[in-house]
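# Observations on chain architecture
The residues making up each chain are set out below.
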Amino acid sequence: MGVTGERLRFDGWIAGVGTVSGTRLVVGHWPRSPFGAFSDVMVEHPGGERVLLAPSRPIADFVAATYRFDRIEVVPVAVTVAGDSWLVEAGALRLRLRTGRRSALGLLLSAVPSPFARSPLWAALCDVPARLLMPGVRTLGRAGPGRREWYGARGLRPVVAADAVLDGASLGGLAPLDPPVAFGFGSAPRRPSLVRVTTTVELATAER
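I will try to describe carefully the structure that is included in this document. Computed from a prediction, not measured in an experiment: that's the story for all the values here.

### A closer look at the pattern of salt bridges
Should the charged atoms of two oppositely charged side chains come close, the side chains can pair. One pass over the structure, following the stated rule, counts 13 salt bridges. The salt bridge partner of R24 is E44, with a shortest N-O separation of 3.6 Å. One end of the pair, R24, is in strand β2 (residues 24-32); the other, E44, is in strand β3 (residues 38-44), and 20 residues separate them in sequence. The exposure class of E44 is buried, given its relative accessible area of 6%. The shortest N-O distance in the salt bridge between R71 and E49 comes to 3.1 Å. Of this pair, R71 sits in strand β5 (residues 71-74) while E49 sits in the loop between β3 and β4 (50-54); the two residues are 22 residues apart in sequence, bridging distant segments of the chain. Salt bridges linked by common partners bring D11, R32, R154 and R196 together as one network.

### So, the environment of R7
Inspection of the secondary structure assignment puts R7 in strand β1 (residues 7-19). Classification of R7 as partly exposed rests on a relative accessible area of 33%. Linking R7 and V88, residues 81 residues apart in sequence, is a C-alpha distance of 28 Å. When residues no more than four places from it in sequence are discounted, the contact partners of R7 are P120, R148, W150, T200, V201 and E202. Within the structure, the side chain of R7 is placed 2.9 Å from the side chain of E202, a separation counted as a polar contact.

What counts as what
- Residues numbered from 1 in each chain as written.
- Predicted model: local features only at pLDDT ≥ 70, side-chain atom pairs only at ≥ 80, totals over all residues.
- Heavy atoms only, no water.
- Salt bridge = Lys/Arg side-chain N within 4 Å of Asp/Glu carboxyl O.
- Helix = DSSP H or I, 4+ residues; strand = E, 2+ residues; numbered from the N terminus.
- Buried < 20%, exposed > 50% of the residue type's maximum accessible area, 1.4 Å probe, protein only.
- Contact = heavy atoms within 4.5 Å.
- Polar contact = N/O pair within 3.5 Å; in protein donor to acceptor, adjacent residues only side chain to side chain.

What follows is the structure in structure tokens.
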């Protein structure tokens, strides 16, 4: 086995939603990460423009080196969680989400032990069933020049309601995340969802 680069782990949640306007949003909320607690938002407009909303330049630079964007904005990003309600405020974006009860798959994922969620082997084993059950979703792939990334899902809830305003204009109600977002090697699920996840980014050996 070849020498691998440093592995950085991000533990938290990813929310992916579509809107009636065609704008699709992916929110990362990371209470535990190498950068401390932070949140970020990836926005893909109907015409395909991909925008990153990040809370600091170091975080923006790291995320932009891992995923693909056409524009980057460093803006205040805050996520407030109260029960099943989430409020995301990121620059000119204000997004409210409401989650539903866990499905059978969500209950199954919640039983995944933490060491499994961190393992690239586990991610590789989950990749094919994930693609079959949720087209567009991948759990393991290449992320940026020389980087590798994998996701270990540890819970899943549907998003049952959403309201988003960007630059003072409503994006419309909740809609499927369709077409899939194109920030990286995979998309969030087509059905709007909140996923409890451990994400690992393995840096290129030159980045160690």
